[in-house]
Amino acid sequence: MQPGTENLRSLAVPSMAQSIQSLRNRHKTEVLDFLSARPLHTFIMTGWIRDNGLTSPLNRGMFYGYRNQQGHLQGVALIGHVTLFATDSEDALSEFSRLTQDCPTANAVMGEENKVARFLAYYTAGRPAPRLVCRELLFERRSKQPSDEPLPNLRLATRAEVELVIKVHAERAVEETGVNPLDVDPVRFRQRCTRRVDQERVWVAVEDNRLVFKADVICDLPEVTYLEGVYVSPERRGNGFGTRCMRHLTNLLLSRSKSVCLSIKEHNSAAKACYQRAGYQVRDYYQTVFLHRN
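All values derive from a computational prediction rather than experimental measurement. (Residues numbered from 1 in each chain as written. Predicted model: local features only at pLDDT ≥ 70, side-chain atom pairs only at ≥ 80, totals over all residues. Heavy atoms only, no water.)

Enquirer: An account of the overall build of the protein is requested, with residue identities and associated values reported.
Expert: Helix and strand counts for the protein come out as ten helices and twelve strands. Against the compact-globule benchmark of 19 Å for 294 residues, the protein has a radius of gyration of 19 Å, which places it among compact chains. With respect to the three principal axes, the spread of C-alpha positions in the protein is 60 × 40 × 35 Å. In the protein, buried positions account for 52% of the 294 residues. The long-range fraction of contacts in the protein, counting pairs at least 24 apart against all pairs at least 6 apart in sequence, stands at 70%. For the protein, the exposed area adds up to about 13800 Å²; of that, 49% sits on carbon and sulfur atoms. Positive and negative side-chain charges of the protein, numbering 40 and 33 respectively, have mean locations separated by a distance of 1 Å. (Helix = DSSP H or I, 4+ residues; strand = E, 2+ residues; numbered from the N terminus. Rg over C-alpha atoms; globule rule 2.2 N^0.38 Å. Buried < 20%, exposed > 50% of the residue type's maximum accessible area, 1.4 Å probe, protein only. Contact = heavy atoms within 4.5 Å. Areas by Shrake-Rupley, 256 points an atom, 1.4 Å probe, with all protein chains shown as cover. Lys, Arg positive; Asp, Glu negative; His and termini not counted. Charge placed at Lys NZ, Arg CZ, Asp CG, Glu CD.)

Rendered as structure tokens:
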């Protein structure tokens, strides 16, 4: 069990009404059906449920459902290290924010910009403001692009390259959040990186035993493949190498998925230009909010 999640179990039995329910694997089909209504915005939760089930320490939190008086799902949320939610109900947002307030491992909230703003209106009442708020662009590509460019030497990472992947992934985390996971949770961070390599989810280009390109497949679904942790080494930036890698990798992934998505910080103009040259288009605005630790 992920440290801290045991405290959440006591929150699963609501005192006011039978509206919030901790979800178990027996609810999997019902939850996936609910999330499938908006696949472009629920792919992370869907991917983790398909990979790990609804109850697993690998989710780094617990899944909850919000039901109306007829017992129908009106919202689903993962409350934990990264809080994610899918709902149009204000009551559900209020309840999910309450659970996040009481979650000792809550670190970040991520989702569509307008919905995260509504979530925070409940969450921050009487609490410190978030330590960091990042506006992000959700990019998507849905069709392959023909190309006569030289193909980069892209392939799946091997176990022998795990340390290269860990080093670069930690550097990216520091750039994005200001926190080095090798300092705060080195054992589990290494385990997560190694597992992703073993799952054949990490694509790399290696030159002289150095990573020059990396991209992690976070969710691998027939509807949506979601990429994260995209990295181009400094010496290979600015000459189109990253664009070629992204164009080629996306073509490969579109052989098994209808859509490939990724998100970047709004101010990252270099990455924005790279992805647009690789055929991606902005589909929505997202927000990631980093919370003060409890």
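What follows continues from the structure just given.
Enquirer: With reference to specific residues and values, describe the pattern of salt bridges.
Expert: By the definition in use, this model includes 26 salt bridges. Between Arg38 and Glu112 there is a salt bridge, with the nearest N and O atoms lying 2.9 Å from each other. Of this pair, Arg38 sits in the loop between helix H2 (28–35) and helix H3 (39–52) while Glu112 sits in strand E5 (residues 108–112), and the two are 74 residues apart along the sequence. Residue Arg38 is classed as partly exposed on the basis of its relative accessible area of 33%. In this structure Glu112 comes out as buried when scored by relative accessible area, which is 11%. One salt-bridge network, in which partners are shared between bridges, spans Glu136, Arg172, Glu175, Glu176 and Lys265. (Salt bridge = Lys/Arg side-chain N within 4 Å of Asp/Glu carboxyl O.)

Enquirer: Quick one: what's the story with the sheet that holds strand E6 (residues 132–141), residue by residue and with numbers?
Expert: Strands sit in the order E1-E2-E3-E4-E5-E12-E6-E11-E10-E9-E8-E7 across an open sheet of twelve strands; the sheet is mixed. Looking at the sheet topology across the chains shown, the edges are occupied by strand E1 (20–22) and strand E7 (155–156). Examined bridge by bridge, E6 and strand E11 (residues 260–265) share six bridges and lie antiparallel to one another. Bridge pairing in E11 places Leu138 opposite Ser263. Along the sheet, helix H6 (residues 162–177) makes contact with E6, strand E8 (202–207), strand E9 (210–220), strand E10 (225–232), E11 and strand E12 (281–290), crossing E9 at roughly 75°. (Pairing = 2+ DSSP bridges. Axes fitted to C-alpha atoms, helices over the stretch in contact; angles between N-to-C directions.)

Enquirer: Can you break down the environment of Asn180 residue by residue, with the values?
Expert: Relative to the helices and strands, Asn180 resides in the loop between H6 and helix H7 (181–184). Judged by its relative accessible area of 23%, Asn180 falls in the partly exposed class. C-alpha separation for the pair Asn180 and Ala170, spaced ten residues apart in sequence, amounts to 6.1 Å. When near neighbours in sequence (up to four residues on either side) are disregarded, Asn180 contacts Ala170 and Val174.

Enquirer: If you had to explain the pairing of strand E2 (residues 61–67) to someone new, which residues and values would you point to?
Expert: The buried fraction of E2 amounts to seven of the seven residues, a majority that puts the element mostly inside the structure. Inspection of the sheet shows E2 paired to strand E3 (residues 73–80) by seven bridges, in the antiparallel sense. In the sheet register, Tyr66 faces E3, and the bridge partner there is Gly75. Here E2 folds back onto E3, and the loop between the two strands holds five residues, one of which, Gly71, carries a positive phi near 90°.

Enquirer: Any details on helix H5 (residues 113–123)? Residues and values, ideally.
Expert: By the burial criterion, the buried members of H5 are Lys115, Val116, Phe119, Leu120 and Tyr123. The buried residues of H5 all sit within an arc of 140° when viewed along its axis, so they share a single face. Its buried side turned inward, H5 meets strand E4 (82–87), helix H4 (90–101), E5 and E12. (Arc of directions from axis to C-beta.)

Enquirer: Please give an account of the packing of H4 against H5 that cites residues and values.
Expert: In a pair of packed helices, the angle between the axes and the distance between the axes together describe the arrangement. At their nearest, the axes of H4 and H5 sit 8 Å apart, and the two run at 60° to each other. With respect to each other, H4 and H5 are oriented oblique. Note on packing geometry: the crossing formed by H4 with H5 is right-handed. Within the contact between the two elements, H4 uses Glu90, Leu93, Ser94, Phe96, Ser97, Thr100 and Gln101 and H5 uses Arg118, Phe119, Tyr122 and Tyr123. (Parallel < 35°, antiparallel > 145°, perpendicular 65-115°, else oblique. Left-handed = near helix turned anticlockwise from the far one by under 90°.)

Enquirer: Describe the packing of aromatic side chains, and please don't skip the residues or the numbers.
Expert: As enumerated under the stated definition, the model contains five aromatic pairs in all. Look at Phe85 and Phe119: their rings are 5.1 Å apart centre to centre, the planes differ by 10°, and that puts the pair in the stacked class. Here the residue Phe85 occupies a position in strand E4, and Phe119 occupies one in helix H5, the gap between them amounting to 34 residues. With a relative accessible area of 10%, Phe85 lands in the buried category. (Phe/Tyr/Trp six-rings, centres within 6.5 Å; stacked < 30°, edge-to-face > 60°.)

Enquirer: Lay out H3 with the relevant residues and their values.
Expert: For an α-helix, the turn length of 3.6 residues means that residues three or four places apart are oriented alike. For H3, which comprises 14 residues, the first-to-last C-alpha distance of 18 Å matches the rise-based estimate of 20 Å (1.5 Å per residue) to within 8%. Taking the largest bend as the criterion, H3 deviates by roughly 40°, centred on Met45. Among the residues of H3, those classed as buried are Leu40, Thr42, Phe43, Ile44, Met45, Thr46, Gly47, Ile49 and Asn52. Where H3 ends, the next residue or the one after it, Gly53, has phi of about 85°, a positive value. (Expected span 1.5 Å × (residues − 1). Bend = angle between axes of the 7 residues up to and from the residue.)

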